[in-house]
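# Fold and geometry: a report
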Amino acid sequence: MSKEFIDHRFHITRRHFLGKVSLGLGSVALGSLLIPDLLSKSEGPIQGLGLPHFAPKAKRVIYLFQNGAPSQLESFDYKPMLNKMTGQELPASIRMGQRLTGMTANQAKFPLVGSNFKFNQYGKSGAWVSEIFPNIAKVTDDICFIKSMHTEAINHDPALTFMQTGAQQGNRPSMGAWLSYGLGSENKNLPAYCVLLSRGRGNGQGVYSKLWTNGFLDSVHQGVQFSSSEERVLYLKDPEGRDRADRRKMLDNLAQLNDLNYKEFGDPEIQTRVQQYEMAYRMQTAVPELTDLTKEPDNIIKMYGADCLVPGTYAANCLLARKLSEAGVRFVQLYHQGWDQHGNMTGEMTLQAEDVDRSTAALIMDLKQRGLLDETLVIWGGEFGRTNYCQGSFSKDNYGRDHHPRAYTIWMAGGGVKSGITYGETDEFGYNIVKDPVHVNDFHATILHLMGLNHEQLTYKHLGRRYKLTDVAGKVVEGILS
Amino acid sequence: MQRATRISINLIFFIQVLLLFLLFFEHRIQLPAWLQVAGRMHPMVLHVPIGILILLFVFMLFRNTFQKKQFRKIMLLCLMLASLSAAVTALFGFFLSIGGDYGVEALQQHKISGVVLSVITFFILVWYQNVKKSEIVFYSAFVFSILVLVLAGHTGSVLTHGENFVLAPVTNKEVGELDVNTASLYRLAVMPVLEKKCFSCHNESKAKGKLIMTSIEKFKRGGENGKVLLEGNSDSSRMIKYIHLPLDDDDHMPPDGKPQLNTFEISLLQAWIQSGANFEKKMSDFADDDTLKKMATTAIGSMIAKEEVKQYTFKAASEDVIKKMNTPFRTAFPIYQNSPALQVDFFVKESFQIGSLEELKEVKDQLVVLNLSKMPVTDVDLTIISQFKNLEKLNLNFTSVKGEGLTNLKSLSQLQSLSLSGTAVSKEALNSILSIPALAEVFIWNTPIKENEKAELEKSFPKIVFIHTLFNDPSKLALSKPILLNEGIIKKGELLQLKHTMPGVAIRYTLDGNNPDSVSSSLYEKPIVVNETVKLKALACKDGWYCSGLLEITCYVEGYKPTQVTLLKPADKQYPGEGAITLTNRLKGFTDVLNEPSWLGFRENAFEAGFTFGSNPPLIKKIVLSYADNLGGYIFPPAEVEVWGGANAKEIKLIKSLKVNQPKSYRSQSMEALAISLEASTYTYYKVVAKPVNKLPLWHGGKGQKGWFFIDEIFFY
């Protein structure tokens, strides 16, 4: 039997069931075994809010996704050996015949290339940070660097999809959708999962709505994409000549029609739709206050940089992310595009870093000074790393790097991760991981753990089997838990 | 009696069928709450069949003392009761097992024996009704049922009380509190790991692979393949080898599907074996800098930390009460599943009413986290909060609290975290509650409390972390550029509108191509009137900030529209646009996407187009060509431009010709306007010619090759 039929049966109400089935007591007993809520009055646990399996460290996530894969070697994974050996061939003992992308596999030479940017150590933790991130360098003591991330995908789309949904092919629910499903929305006036996009100034890669899809979960768990225009959520304003009371009346009548339909077909998506209409109605009050950035005090504007008042910039998205998170949004997903430096590393990387450095650091400080950092998990990173050898023509001033899934750096801050530490290590060529590898599945397991969820228990039955964000793998990275 | 018997037998039969169904399809079932209650009655109900079966047994021993007819009646009644109670007990047992978390093996045995008992008693009942029954079958079935009863009872007790429950007082050694100074490192740090991940299969009763790890001697002896640990040589020890096998290997330990060892646990085991796999050596016998000792200390520390999750002694609020606490603007929820502690958040300040805070008194014991951020809560309202005596975390950021009411919070002895950022609380007001013993962090950013006052507070209350302003950057920053609100081609009479998102910014602009400055250039006060295509340059300035970078945009304004347009030479095949109409359809392209309908591209041919104005031609003073400048893509300004005018296509003369300045090096791509001023004229027909660069300059990567010319619109003023 297809899932739809089974689902349909599971959503039959008591009246529905009793009305249609009249085979006596035995049938009722059997029926109630198959449909647990059949004879109970309540509508299950508190509506729209799941609960963590155990005491959570973090209540909300802000994921600053750097789309295109920023180079770890120009940002946080300092490899002086590459500077010493710049221009020399990548040793075969390091590459070990591993696969490369079609873009460089046919290159005759693989000349190593060191970072053009200077590195220094910062904070009590002595973390190495490149000169193009001067503000992130100031908050390193709040950060946990993971330098041993690795993934299986070698190109953007599958890698991005893997990072977001736990599978390289599309159609699985994304991490935010899983968290919405597992934990629900803290604030019933806003979606549990919001998506903010910005374009960078480097070579860009697209983002698409499959990255914030609900997959097979109820569509209420889908990420809500905010517009990059001045009106961050479209169509929230009442149309001219109509007021809120009209809207209320219209929704009430619409709900009655939908209810008729629901009684007839029992399709749970109808109820989802009604709930979404109701939330949109409440968003009409809640959102304008959130998206109005003009009331932010001057020192906040200065902290995030002047761009934070220009809608659709990364800085504006960081500020909005803080406001959404503060207002109880479970998962705020940012994407900043333009990190795909196959060439012109020096120029583009500088521009990209300039886009994100100040506002990223500001977000961390801002959360901290409000007492929110210890319950908000901030994640910064891309979908894979970049090669230690040069792609294309090699010159001293400029170079490019190809995709490198074997080792890359991301960092986290806040909610339940140790601050001021570096976890994992790559070899001195920055090519292979030599200590504490963290796979994408482990990364997901850890995030769920921080949110109070056991990744092996957060399941959803679909097409005859139970699915998890981590599928059949994933271990919580104990070493970074505070 | 007969009717009752029939009904009972049918009912019992129905349950038998249900039981068999459950035995095979149990995993398909989800259990409603009321059946869980029935399930939990299993441990009570189960005593009934035991009692009755024993009673039956006693009756049978003394059957000669009864009259035969009476005896048969009693037996039938008892058998019926036994069968019914056995069936119900088994059914309840299933309900209990679905909700519970029991070991798989013992549970399976218990289930099967329970069902068999139920079936066999039913069999006996039916058999006894049969008049011509064989006594031997009856008695052997009865004895068998007693045996099954014992088996079911035993497996059941193993499930509830664990193995060896009955004899434990005689056989178990005493397990005392572990003392770090006297207990061995193995017992303190290594055994807990094995206990968690290995003992469940490698114990006295299961002994998978004949390995028993629960006894030190047997652990040392090893399993069916010999020793599992080689003292001092962890890499060759079978145990470590198996741990490192890939997960899908059949020999991998712990097996796939069971909880795996984490990296730390593995390295701890390795270090312990490497150092000789000593079971007796005490923690204190190791040197302080010994790696194994260090790891063991961490392991013990993390075990203690894990157990640190706070246990609350108060009772949970009922589900109905919690549900009542939830409104669209107030969320209340247990901090995790089955925790009695509650968190309550308030949202949307327009909808806040003080009554909604008072309602929380109903959960005043359970309330542990309260978030009132941005709500219009005042000092008076803090008296309500002071009743939430188990409160640990209180967020009052950006509320209207001024401070005089803070003393009320003194009674919150459990309060650990207090957020007051963005309030008007002074140092003096704050002082009054800092003596709360549990208080660990206070957030006072954006309050009247000054940096030096914060330092004083830190001195007086060294246990408390005060978070004040984290961002101190005296340097000046540049503003963002102004924004042009008009989109696309500007209609006649439409005004140019500029905007800046920061309040108090002055926008200065020019329309003549010169760069504006922050002092003398025109100040933008109201929308700008434009009659023809202009180059707008604007910047934003504000005290305390550097002026923004330049906003440079060519604003194309609608002109006279010719009645007919013809391309005299076709555009390049790759970039045909939509033909001649492309030039006047008011659709602008982008300089980085050229292969689309708004562009016409020319390389071999020069651009040559004819424009006819109807019977009443307008006075034309200027023609503007909108073209792409994308040097990297070989797309250059035209080398030369000519304008011809006349009454029709045949009678025309050259009225203007000019050479266009060519770039000297690469520059960023842009949309450019080439303005050609004419002597005012009213020709009916104009011909415009633009010749692409014939040879790209020497500095260009494609030097010597032909350049491209891309045009998307043309305007007549």
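Residues numbered from 1 in each chain as written. Chains lettered and ligands numbered in written order. Predicted model: local features only at pLDDT ≥ 70, side-chain atom pairs only at ≥ 80, totals over all residues. Heavy atoms only, no water.

Enumeration over the complete set of coordinates arrives at one disulfide over all chains. Among the cysteines around C308 of chain A, which has no disulfide bond, C318 of chain A carries the closest sulfur, lying 9.6 Å off. Among the cysteines around C555 of chain B, which has no disulfide bond, C541 of chain B carries the closest sulfur, lying 19 Å off. (Disulfide = S-S within 2.5 Å.)

What follows deals with the environment of M349 of chain A. All names here are of chain A. Mapped onto the secondary structure, M349 falls in helix α12 (residues 345–369). M349 gets classed as buried once you look at its relative accessible area, which sits at 0%. For the pair M349 and Y181, spaced 168 residues apart in sequence, the C-alpha separation works out to 37 Å. Ignoring any residue separated from it by four or fewer positions in sequence, one finds M349 in contact with S71, E74, S75, F117, I132, W339, Q341 and N344. (Helix = DSSP H or I, 4+ residues; strand = E, 2+ residues; numbered from the N terminus. Buried < 20%, exposed > 50% of the residue type's maximum accessible area, 1.4 Å probe, protein only. Contact = heavy atoms within 4.5 Å.)

Turning to the domain arrangement of chain A, a few remarks are in order. What the domain assignment lists for chain A is domain 1 (3–34) and domain 2 (60–242 + 283–480). A straight line from the C-alpha centre of domain 1 of chain A to that of domain 2 of chain A covers 46 Å. (Domains from an automatic or database assignment.)

This part takes up the packing of helix α9 (residues 268–291) of chain A against helix α11 (residues 314–326) of chain A. Residues and elements named next belong to chain A. It is the contact of α9 with α11, at a shortest axis distance of 10 Å, that shows an interaxial angle of 140°. When the axis of α9 is compared with that of α11, the two are oblique. For the pair α9 and α11, the crossing hand works out as right-handed. For the pair α9 and α11, the contacting residues are E289, L290 and T291 in the first and L320, K323 and L324 in the second. (Axes fitted to C-alpha atoms, helices over the stretch in contact; angles between N-to-C directions. Parallel < 35°, antiparallel > 145°, perpendicular 65-115°, else oblique. Left-handed = near helix turned anticlockwise from the far one by under 90°.)

With that settled, the discussion passes to unusual backbone geometry. Here the residue pair M253 of chain B and P254 of chain B is connected by a cis peptide bond, since its omega of -15° sits within 30 degrees of zero. Relative to the helices and strands, P254 of chain B resides in the loop between α11 (238–244) and α12 (263–274). The phi dihedral of M96 of chain A falls on the positive side, at around 50°, and the residue is not glycine. By the element assignment, M96 of chain A lies in the loop between α5 (92–95) and β2 (119–122). Take M96 of chain A: its relative accessible area is 55%, and that puts it in the exposed class.

What follows concerns the pattern of salt bridges. Within this structure, the stated rule accounts for 49 salt bridges over all chains. Here K537 of chain B ties to E552 of chain B by a salt bridge, and the two come within 3.8 Å at their closest N and O atoms. Of this pair, K537 of chain B sits in strand β14 (residues 534–541) while E552 of chain B sits in strand β15 (residues 551–555), placing them 15 residues apart in sequence. Of the residues examined, E552 of chain B reaches a relative accessible area of 44% and is grouped as partly exposed. What you see here is one network of salt bridges that share partners, running through E296, R322, K323, E326, D366 and R370 of chain A together with K374 of chain B. (Salt bridge = Lys/Arg side-chain N within 4 Å of Asp/Glu carboxyl O.)

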